[in-house]
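# Structural features, examined
Residue strings, one per chain:
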Amino acid sequence: MACGVVIITAMDSFLRYAREKQKDIITLIREFIECESPSDYAPGVNRFVDLMAARIRDIAKIRTYPGGEFGKHLRCEFRLPGGKKDGQILALGHSDTVWPLGTIRSMPFRQARGRLWGPGVLDMKAGLAFFIFAMRALRDLDTPVARRVLLQVNSDEEVRSVSSRALTEEAARASAAVLVLEPGTGLDGKLKTARKGVGDYAIVVRGVASHAGVDFSNGASAIVEMARQIERIAGFTQLDRGITVSPGVIRGGTRSNVVAAECRAEIDVRAPRDRDLKYLESNFSPLKTDDKRCRIEVSGRLSRPPMARSAGRARLFRMAKALSAGLGVALEESSTGGGSDGNFTAALGVPTLDGLGAVGEGAHALHESILINRIADRTALLAKLVAAI
């Protein structure tokens, strides 16, 4: 009973703190949004990393890691009250966004209709701001934390985390829990306790070029052959099993008067279970051309393993649900087809709770926005989770 009283009192304090600091949180979110950081523009990502480091240098030890062709990765260890004798907690976020450089001119930060708007506000710059202020709450309220707390911000999450995956997995293996600052699901802000695995297949068809008017019959169109293959590949989708196969990009040909010698397609695949990989492989591997004059090449893999529900994740969610109830919020869980860096940590068996960032809608869309009235409770929940784990 005494323990229950302490939790309720602490959570009231965190919520009050977050409400008092809400203007400051919004100011930080605006700074983050206006510092554009597209995945494919390393200088912009590096500027964002430097900005974020500058805003938390007073409360954290900062380290950066090279990201190859992408911007640098950021890792912060917070200086918090407590003994720090029981391992660590890893919080995960990303600095990169899907928005091209210059988007801020046509889609500026604004505060209207109870929301904050702007490129990357939901996915996921607000979540980063929430976590920073959650850590400030723990310090300012002198709340002891039993474990070390690391925040890792990857520069390439939106482009499959090629350079950051090993860094993420190394930190996760040393962690008792991973908290992922991706946005919640829907306007209720449901946490994400399951995610599909995500992969890409590349299909190349090589045909025979010829003049489309003079020598048509001696050509073998790679585009026509790819059209047949695309219809076949799209049929691999099995919605009842949660498996989706989506041809997303097709490129082929050189000129309209040339029978195309080559055509390429990029295919997105999503699958909720490890065993679904065999199904996908068994369908992609034996693809053959209908036109025997053409050749087909198939390559691909699952770049993010499925994040299936687990006992450890269930325990984390129950903890978050109880803590959130003390904040007056009825927290729910969800499954999603999108992937995150939490897929990697969950696949290692580390309890991972995802979707702890902002509540809103429109990720990757022109109406990307977050609910202002969910800033305080989300920030408070992050602080309380860190203290409770």
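As a starting point, this report considers the structure included with it.

### Observations concerning the state of the cysteines
The full count for this structure, using the stated rule, is zero disulfides. Between Cys-294, a cysteine without a disulfide, and Cys-263, which holds the nearest cysteine sulfur, the sulfur-to-sulfur distance is 10 Å.

### Considerations on the environment of Gly-312
The residue Gly-312 is located in helix α9 (residues 311-325) in this model. By relative accessible area, which is 13% here, Gly-312 ends up buried. Put simply, Gly-312 and Glu-368 are 56 residues apart on the chain and 32 Å apart in space, counted from C-alpha to C-alpha.

### Structural notes on the pattern of salt bridges
Inspection of the entire model under this criterion finds 28 salt bridges. The salt bridge partner of Arg-55 is Glu-31, with a shortest N-O separation of 2.6 Å. Remark: Glu-31 occurs in helix α2 (residues 22-34) and Arg-55 occurs in helix α3 (residues 42-56); sequence separation between them is 24 residues. Taking the relative accessible area as the measure of exposure, Glu-31 reaches 27% and is therefore partly exposed. Between Arg-232 and Asp-290 there is a salt bridge, and its shortest N-O distance comes to 3.2 Å. You can see Arg-232 sitting in helix α7 (residues 222-234) and its partner Asp-290 sitting in the loop between α8 (276-284) and β14 (295-304), a full 58 residues away along the chain. By relative accessible area, which is 33% here, Arg-232 ends up partly exposed.

### What about the packing of aromatic side chains?
Applying the stated rule across the entire model yields four aromatic pairs. On the basis of an interplanar angle of 65° and a centroid distance of 5.0 Å, the ring pair of Phe-32 and Phe-48 is categorised as edge-to-face. Of this pair, Phe-32 sits in helix α2 while Phe-48 sits in helix α3, and the two are 16 residues apart along the sequence. In this pair, the class of Phe-32 matches that of Phe-48, namely buried. Judged by centre distance (5.2 Å) and plane angle (80°), the ring pair of Phe-236 and Phe-284 falls under edge-to-face. With a gap of 48 residues between them, Phe-236 in the loop between α7 and β11 (244-252) and Phe-284 in helix α8 connect regions that are remote in the sequence.

Thresholds applied
- Residues numbered from 1 in each chain as written.
- Predicted model: local features only at pLDDT ≥ 70, side-chain atom pairs only at ≥ 80, totals over all residues.
- Heavy atoms only, no water.
- Disulfide = S-S within 2.5 Å.
- Helix = DSSP H or I, 4+ residues; strand = E, 2+ residues; numbered from the N terminus.
- Buried < 20%, exposed > 50% of the residue type's maximum accessible area, 1.4 Å probe, protein only.
- Salt bridge = Lys/Arg side-chain N within 4 Å of Asp/Glu carboxyl O.
- Phe/Tyr/Trp six-rings, centres within 6.5 Å; stacked < 30°, edge-to-face > 60°.

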